[in-house]
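Report on the structure
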Amino acid sequence: MKRVALKDLNTENIKVDIEGFVAIITMNRPKALNALNNQTLDELNTIIDSISADEEILGVIITGEGKGFVAGADIVQMQPYKAEEGRNYAEYAQGTFNKIEALGKPVIAAVNGYALGGGCELSMSCDLRIASERAVFGQPEVNLGVIPCFGGTQRLPRLIGSGRAKELIFTGRMVKADEAAAIGLVNKVVPAEELLSEAKNMMTTIISKAPMAIKYSKISINKGADLDLSNALELEKDLAALTFASEDKDEGMTAFLEKRTPKFINK
């Protein structure tokens, strides 16, 4: 497949850099703390579609420019919305975040600053979250008279449990990085100056493994969470069978027996 020229995409609010096999997406509306308006969601949709089609990209890192990761949805844009517009906005944002969650490649959120409302929801659609010590998380939508609707009422309790999720959503309370780690919202907290390098190091480790095994592990975890245990285990067996039929399985096991580093080809 011909490589998609991501660097040539006409995006104003998001930057994309390709470093080896990793796409680094930087939300880039710093004056608005990278708030999500329709244009930004359009650009993110296009970028994720392009990454999905690019077989040479094996992993994705999402971060933010300036003081914000993403400080939420664009309130100026939302203020005049009524029921239909609000539902359509939620549907579009959910669809975008669902693409990230379902992407057949690992995605790390490198949360550099404010991850509030839609920003917290964006981070939760990623597979892993590494936070700068300056990061702040929250779902403050009740302060605006609405509910989290980009996936927050569903992904947050799945990550940290319904009790803690209700507390954060009902009170609109913001949590700093250390507390976010303690409750399971983020995987790791690092000094601000080490954030991107830590995300890159973790991604380097991940993409050194068999890409197909990573992809099917992700599908098994994500899809299995919505199934009862019996059906989830059936799903796991079916996906395991696909990996056993791969060339990478032969290479991985042969390399292990030969005491050498495997050379995976994603087949």
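Report follows, based on the coordinates. Just so it is clear, the model here is predicted, and its values are computed rather than measured. (Residues numbered from 1 in each chain as written. Predicted model: local features only at pLDDT ≥ 70, side-chain atom pairs only at ≥ 80, totals over all residues. Heavy atoms only, no water.)

1. Considering the overall build of the chain
A tally of regular secondary structure across the chain gives eleven helices and ten strands. A compact globule built from 267 residues would reach a C-alpha radius of gyration of about 18 Å, and the chain, at 19 Å, matches this within 12%. Principal axes of the C-alpha set define a box for the chain whose edges measure 60 × 45 × 40 Å. Out of the 267 residues belonging to the chain, those deemed buried represent 44%. If you take every contact in the chain between residues at least 6 apart in sequence, the share linking residues at least 24 apart comes to 69%. (Helix = DSSP H or I, 4+ residues; strand = E, 2+ residues; numbered from the N terminus. Rg over C-alpha atoms; globule rule 2.2 N^0.38 Å. Buried < 20%, exposed > 50% of the residue type's maximum accessible area, 1.4 Å probe, protein only. Contact = heavy atoms within 4.5 Å.)

2. Focus: the sheet that holds strand 2 (residues 22–27)
Spatial ordering of the open sheet is given by 1-2-3-5-7-10, a layout of six strands whose pairing is mixed. Unpaired on one side and paired on the other, strand 1 (14–19) and strand 10 (188–190) mark the two borders of the sheet. With strand direction ignored, the average angle separating the axes of adjacent strands in the sheet is 20°. Pairing of strand 7 (residues 128–132) with strand 10, which is carried by three bridges, proceeds in the parallel orientation. Each bridged residue has a counterpart across the sheet, and for A131 the counterpart in strand 10 is V189. The sheet contacts of helix 1 (residues 38–53) involve strand 1, strand 2 and strand 3 (59–64), and relative to strand 2 the element is tilted by about 180°. (Pairing = 2+ DSSP bridges. Axes fitted to C-alpha atoms, helices over the stretch in contact; angles between N-to-C directions.)

3. Quick notes on the side chain of T40
Inspection of the secondary structure assignment puts T40 in helix 1. In this structure T40 comes out as buried when scored by relative accessible area, which is 2%. Dropping the residues within four chain positions of it, T40 is found in contact with N13, I14, M27, R29 and A35.

4. A closer look at the side chain of S132
Looking at where S132 falls in the secondary structure, it is placed in strand 7. A relative accessible area of 1% places S132 in the buried class. Dropping the residues within four chain positions of it, S132 is found in contact with V111, N112, A177, V189, V190, A192 and L195.

5. Observations concerning the pairing of strand 2
Counted residue by residue, strand 2 has six buried out of six residues, so it is predominantly covered. With burial as the criterion, each face of strand 2 is covered, one bearing V22, I24 and T26 and the other bearing A23, I25 and M27. Counting the residues in the hairpin turn of strand 1 and strand 2 gives two residues, including G20, whose phi is positive at 65°. Pairing analysis gives six bridges linking strand 2 to strand 3, with the strands arranged parallel. Paired with I24 across the bridge in strand 3 is I61. Following the chain from strand 2 across helix 1 to the adjacent parallel strand 3, one finds a crossover that is right-handed. (Right-handed = clockwise from strand over helix to strand, strands pointing away.)

6. Overview of helix 4 (residues 118–125)
Of all eight residues making up helix 4, eight are buried, and the element is well covered by its neighbours. Every buried residue belonging to helix 4 is among G118, G119, C120, E121, L122, S123, M124 and S125, and all of these are buried.

7. A closer look at a negative patch on the surface
On the surface, E133, D178, E193 and E194 cluster together into a patch of negative charge. Within the element layout of this structure, E193 appears in the loop between strand 10 and helix 8 (195–207). Assessed through its relative accessible area of 64%, E193 is described here as exposed. (Patch = residues over 30% accessible without salt bridge, like charges linked within 9 Å, V, L, I, M, F, W, Y side chains within 5 Å. Areas by Shrake-Rupley, 256 points an atom, 1.4 Å probe, with all protein chains shown as cover. Salt bridge = Lys/Arg side-chain N within 4 Å of Asp/Glu carboxyl O. Lys, Arg positive; Asp, Glu negative; His and termini not counted. Charge placed at Lys NZ, Arg CZ, Asp CG, Glu CD.)

8. Comments concerning the pattern of salt bridges
Evaluated as defined, the whole model comprises 14 salt bridges. The partner of K15 in a salt bridge is E65, with the nearest N and O atoms 3.3 Å apart. Here the residue K15 occupies a position in strand 1, and E65 occupies one in the loop between strand 3 and strand 4 (68–70), the gap between them amounting to 50 residues. When salt bridges with common partners are traced through the structure, they connect E167, R173 and E179 into a single cluster.

Any functional reading would require information that these geometric values do not contain.
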